[in-house]
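Summary of structural features
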Amino acid sequence: MANPSILDQPDAARKVDQHNMLELCEKTPQFCAEAIELTREIDIPCEMPQNVIFAGMGGSAIGGELIHDWLRDRATIPISVCREYTLPAYADEKTLVIPVSYSGETEETLSAFAEAVRRKCKVLTLSSGGRLQSLSKELGITHVCIPEGFPPRAAIAYLLFPLAVFMGRLGVVRERSGEVEEALRVLRQVSEESKRSVNFEDNAAKRLAAEISGTVPVVYGFLHYNAVARRIKCQFNENSKVPSRFEVLPELNHNDIMGWEAPQDLLGNFSLIFIRDLLEPPEIKVRIELTEEITATKTKRVCSIWAKGKQKLARMLSAMHIGDFASIYLAIMSGVDPTPTNSITQLKQEMNRRLDKTRNHERKTQSLKRQHAKG
Ligand code: PA5
């Protein structure tokens, strides 16, 4: 049974949050500053590419997704995210492929990496170690090494900010003055307002967790809140261990909205979270209001996360950070340790066993090295 009062009892909450996910979340703004610092010393080997593909899965793909949304209306070249074993057909020597894997061991990402090398793409890798790092070293590929010991989703600072800095340095985008600084400032503000020592009544993230407790949260985003909506949905899955979904306006008005015509005994198990922004375009504002009107009597709860800040990056990251906190509070209220992801681990282990990955991987690595040696 969910128990919101535990959120204002630090010792009891800490007993549930055994691996201290909450502390990692509170420190995210500090990690962002460290991630930017870490990137300063890295020399980017290539010139402006014709397009950029971020390759990664789960928590390691979200940094690239956020970059995609952030720069969508400003980047001078296409940016995409590949969550597959294989790269799109257009990836060639003019493409910059950035495989990102927190562990450096994710097989889909390693496969996309190998393909990028085979196709002679420009390649830059990012991980906290693993085979992505060792192979990059062997093949002479620039690798960004980020700190180890985090659950991948809690390392979002290190999985996002180096990519943002590289996009600026490569000339893919010209950073608007002070945009990153504002994002850090606003993230610090959200951490201050959402941290565990702020009581329930004054803490929007704790209140959101209590509102959606016992339901399947559905997150509705729009435009540049696509990746943020996905991130919050994934945080509910991985931290709170509940099913969750996300959809994005305006598209959801053309299909997903019909789902709310289902029988009430089914819909009563869902809650809706709208990502809101004082600067949302008028047509989106009207769509949100109408969607709220149509769904209000059908779901158990309708709630909002309001983005903060002036520029786009700050607004995106502030909404994400509130959602991150809420997912951890929801876990704690339900007596669930936010950190372990047993089903993901189990699935990866079983995939390794069934596909005899090691043998497979050795073969691919040898062939990559042979190809590299031939030039
Ligand atoms: O959050 C998680 O643990 C997962 O979504 C992982 O990020 C995902 O399985 C990919 O692993 P990695 O981030 O190590 O590449």
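Below or above, wherever it landed, is the structure these notes cover. All of these numbers come straight from a predicted model, not from anything done at the bench. Residue indices follow the written sequence of each chain, beginning from 1 at its first position. Residue-level local features of this predicted model are given only where pLDDT is at least 70; pairs of side-chain atoms are given and counted only at 80 or more, and the full residue set underlies all totals for whole chains, interfaces and linings. Based on all heavy atoms of the structure, the side-chain values leave hydrogens and waters out of the count.

1. Here's the deal with helix 12 (residues 282-295)
Definition in use: Going along the chain from the N terminus, every DSSP run of H or I of four or more residues is numbered as a helix, and every run of E of two or more is numbered as a strand. Expected helix span is computed as 1.5 Å times (number of residues minus one). Partly exposed describes any residue whose relative accessible area lies between the buried limit of under 20% and the exposed limit of over 50%, with all areas from a 1.4 Å probe on protein chains only and scaled to the type maximum. Taken from the helix axis, the directions to the C-beta atoms give the arc we talk about. Contacts are assigned to residue pairs with any non-hydrogen atoms lying within 4.5 Å of each other.
Between the first and last C-alpha of helix 12 there are 20 Å, a value that for 14 residues agrees with the 20 Å anticipated at 1.5 Å per step. Here helix 12 has its buried residues at Ile284, Ile288, Thr291 and Thr295. Burial along helix 12 is one-sided: seen end-on, the buried residues are contained in an arc of 70°. For helix 12, the exposed residues lying more than 90 degrees away from the buried face are Pro282 and Glu293. Considering only its buried residues, helix 12 is in contact with strand 7 (216-222), strand 8 (245-249), strand 9 (270-276) and strand 10 (301-306).

2. Considering a nonpolar patch on the surface
Which entries qualify depends on this criterion: Exposure above 30% relative accessible area and no salt bridge define the residues that can form patches, which grow by joining like charges within 9 Å and nonpolar side chains of Val, Leu, Ile, Met, Phe, Trp and Tyr within 5 Å. Only the protein chains shown count as cover for residues, with accessible areas throughout obtained via the Shrake-Rupley method and a probe of 1.4 Å. In what follows, salt bridge is the name for a side-chain nitrogen of Lys or Arg lying within 4 Å of a carboxyl oxygen of Asp or Glu.
A grouping of Tyr85, Leu347, Met351 and Leu355 is seen on the molecular surface, where their side chains present a nonpolar patch of about 360 Å² in accessible area. Here tyrosine 85 is to be found in the loop between strand 2 (79-82) and strand 3 (95-101).

3. Observations concerning the packing of helix 4 (residues 62-71) against helix 10 (residues 226-240)
Packed helices, taken two at a time, are described by their axes: the angle between them and the distance between them. Note the threshold: Axes here mean lines fitted to C-alpha atoms, for a helix over just the part in contact, with angles spanning 0 to 180 degrees between N-to-C directions. These descriptions rest on fixed angle ranges, namely under 35 degrees for roughly parallel, over 145 for roughly antiparallel, 65 to 115 for roughly perpendicular, and the rest for oblique. For this scheme, ten residues count as nonpolar: Ala, Val, Leu, Ile, Met, Phe, Trp, Tyr, Cys and Pro. Four count as charged, namely Asp, Glu, Lys and Arg, and the remainder, Gly too, count as polar.
Helix 10 packs onto helix 4 with a crossing angle of 155° between their chain directions and a minimal axis gap of 8 Å. Between helix 4 and helix 10, the crossing angle belongs to the class labelled roughly antiparallel. Residues Ile62, Glu65, Leu66 and Asp69 of helix 4 form the contact with helix 10, whose participating residues are Asn226, Ala227, Val228, Arg230 and Arg231. Of the residues assigned to the contact of helix 4 with helix 10, the class counts are 4 nonpolar, 1 polar and 4 charged.

4. Side note on the packing of aromatic side chains
Both the distance between ring centres and the angle between the ring planes are used here to describe each pair of aromatic rings. Using the following cut-off: Between rings of Phe, Tyr and Trp, where Trp is taken as its six-membered ring, a pair exists when centres lie within 6.5 Å; planes separated by under 30 degrees are stacked, by over 60 edge-to-face, and by other angles tilted.
Scanning the model with the defined rule gives 7 aromatic pairs in all. Measuring from centroid to centroid gives 6.0 Å for tryptophan 260 and phenylalanine 270, while their planes differ by 90°, and the two rings are edge-to-face. Of this pair, tryptophan 260 sits in the loop between strand 8 and helix 11 (264-267) while phenylalanine 270 sits in strand 9, and the two are 10 residues apart along the sequence. Judged by its relative accessible area of 18%, phenylalanine 270 is buried. Ring pairs connect the aromatic residues Phe31, Phe150 and Tyr158, which therefore count as one cluster.

5. Things to note about the sheet that holds strand 10
What counts here: Any two strands with at least two DSSP bridges between them are considered paired.
Spatially, 4 strands are ordered 8-7-9-10 in an open sheet, and the strand pairing comes out parallel. Strands at the two margins of the open sheet, each flanked by one partner only, are strand 8 and strand 10. Neighbour-to-neighbour, the strand axes of the sheet open up by a mean angle of 25°, direction not taken into account. Direction of pairing for strand 7 relative to strand 9: parallel, over a ladder of 5 bridges.

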